Amino acid sequence: MTYRSGFVGIVGRPNVGKSTILNYYLGEKIAIVSSKPQTTRQRILGVLTRPEAQVLFLDSPGLHKPEHVLGRYMVEVAKSVLEEADVIVAVIDGRVSLRPEDERVFDQTRQALEQRASSRQHRSALLAINKVDAVKKPKLLPLLKACAQQRLFDDCIPISALTGEQMPVLLDAIIAHLPEGPRWYDPEHHTDQPASFRISELIREQVLIATHQEVPHAVGVIVDQIEERPRVLAIHATILVERDGQKAIVIGREGAMMKQIGSAARQQIERLLGKKVHLGLWVKVAENWRDNERVLRQLGLFRYVSEGKDVTIQDHGNPE
C-alpha cells in the first residue's frame, strides 16, 4: 500500500475555526481556542498518524491587515505556512457570505499554487466551509457556488469542526492529495511545541476567555520558571499587558479576576501534564510590547518565519 505524508497548511482570516479543526483531528488541545480574533500567533504543528498516512498539520495565524510588529510577524507566519504546505486547506465561515478578507486568503492561496507550479512541484488546495452546523443547508448553496466559481480548489467541503460533521470527508480528501512519503514522526508524537510554550498558551487562553475589548490583543505570557517539587510542579509565569488600566482589569477587584484565570489555567495545565500543579501568576506592564522585538522573542515568537522574510523591527526599548 502506498504511504502518504506531507504538510497541510490550515489558512484563513481570523476566527474561522482553524485551530478547532486542528484540535479535532488530533483529539486534544494542541492550539488554544477562543472567540477573540487573532488568538493563534504561531505556526503550530499537529501530527496525525494513520495506517495509510502521516498528516503534518500546520495551524497558522489569521491573515489580516497588521497594525504592529506582532501583527506583521503573524502575517509572515501565515504566508510561510502557505509556502511550506503540500496541501492547502483554506477555511471560511459558512454562516456568512465571502468577505474581502476571504478573497485575500484566496489570492494568497492562488499565488502559492502558482509559485509551486512554476518550479514543477505538485500542490493542492481544498476549501473547508466551516461552522455549517449553524446554517440551514439551502443557505449554503449560493456560498458553494461562489466558491466553486473561484476555480481554485480541488474540492469545496462543508464541515463543522465543532460537531464533527463532514470532518472525515475532509480528512480523506486531504490524505488523497498528499504526496507519497515516509513517516517522519513516531505515532506518539503530536506536536513540536515545547511544554513551556503550551503552558503559556493555556494561561493566555484563560485571559482571552475572561477579558474583553482591547485587553485580549494586548496580552502575552512568559513562563519564568518550572520547578519540580515533591508531588507537585511549581510554575511561575508573567502576564504582560501594555497599560496600567489593562493590568487592573486582569487582576480584578481584590484579585478576583486573577484568581479566576489562575484556577482555570491550572486545571488545563494539570490535564496537559497529568500531574498536580502550583501556578503562580504575576501581571506586568510592558508598554508597546507588541512592537518590541526583544519581548516578542522572550515570548517565543520569530521561530518560524522563513530566512530572508523576517519582518522589519523598530526597537522601542526593553520594558523594565
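Each remark here, short or long, concerns the structure printed above.
Residues numbered from 1 in each chain as written. Predicted model: local features only at pLDDT ≥ 70, side-chain atom pairs only at ≥ 80, totals over all residues. Heavy atoms only, no water.

1. Here we look at the pairing of strand 8 (residues 232-241)
Next up, step 1: With nine of ten residues buried, strand 8 is to be regarded as a mostly interior element.
Next up, step 2: Where strand 7 (residues 220-229) and strand 8 come together, nine bridges link them in antiparallel fashion. In the sheet register, Glu227 faces strand 8, and the bridge partner there is Ala234.
Next up, step 3: The hairpin formed by strand 7 and strand 8 contains two residues between the paired strands, and Arg231 there has a positive phi angle of roughly 70 degrees.
Next up, step 4: Where strand 8 meets strand 9 (residues 277-285), nine bridges bridge the pair, whose relative direction is parallel. Across the sheet, His236 pairs through a bridge with Gly280, a residue of strand 9. (Buried < 20%, exposed > 50% of the residue type's maximum accessible area, 1.4 Å probe, protein only. Helix = DSSP H or I, 4+ residues; strand = E, 2+ residues; numbered from the N terminus. Pairing = 2+ DSSP bridges.)

2. Focus: the pattern of salt bridges
Should the charged atoms of two oppositely charged side chains come close, the side chains can pair.
Next up, step 1: As enumerated under the stated definition, the model contains 16 salt bridges in all.
Next up, step 2: Among the salt bridges present, the one from Arg229 reaches Glu227, with a minimum N-O distance of 3.4 Å.
Next up, step 3: Each of the salt bridges in this network shares a partner with another, and the network as a whole consists of Arg43, Glu84 and Asp192. (Salt bridge = Lys/Arg side-chain N within 4 Å of Asp/Glu carboxyl O.)

3. Quick word on the environment of Ile157
Next up, step 1: Considering the arrangement of structural elements, one finds Ile157 in strand 6 (residues 155-158).
Next up, step 2: Judged by relative accessible area, which is 3%, Ile157 ranks as buried.
Next up, step 3: Between the alpha carbons of Ile157 and Val169 there is a distance of 7.9 Å; along the sequence they are twelve residues apart.
Next up, step 4: Not counting residues up to four positions away in its chain, the partners in contact with Ile157 are Leu127, Ala128, Ile129, Gln166, Val169, Leu170 and Ala173. (Contact = heavy atoms within 4.5 Å.)

4. A closer look at the sheet that holds strand 5 (residues 124-130)
Next up, step 1: Reading across from one edge, 2-3-1-4-5-6 is the order of the six strands in this open sheet, with mixed pairing throughout. The sheet is open, and its two edges are formed by strand 2 (44-49) and strand 6, each paired on a single side. Taken pair by pair, the neighbouring strands of this sheet meet at an average axis angle of 25 degrees, ignoring direction.
Next up, step 2: For strand 1 (residues 4-11) and strand 4 (residues 87-93), the ladder comprises four bridges, and the chain directions are parallel. Its bridge partner being in strand 4, Gly9 is matched across the sheet by Ile88. (Axes fitted to C-alpha atoms, helices over the stretch in contact; angles between N-to-C directions.)

5. Some remarks on helix 1 (residues 18-26)
Because each turn of an α-helix spans 3.6 residues, side chains separated by three or four positions end up pointing in the same direction.
Next up, step 1: Here helix 1 lies mainly inside the structure; seven of its nine residues are buried.
Next up, step 2: Listed as buried for helix 1 are Lys18, Ser19, Ile21, Leu22, Asn23, Tyr25 and Leu26.
Next up, step 3: Of the surrounding secondary structure, the elements contacted by the buried residues of helix 1 are strand 1, strand 2, strand 3 (53-59), strand 4 and helix 5 (167-177).
Next up, step 4: A positive backbone phi angle near 70 degrees is found at Gly27, which sits one or two residues after helix 1.

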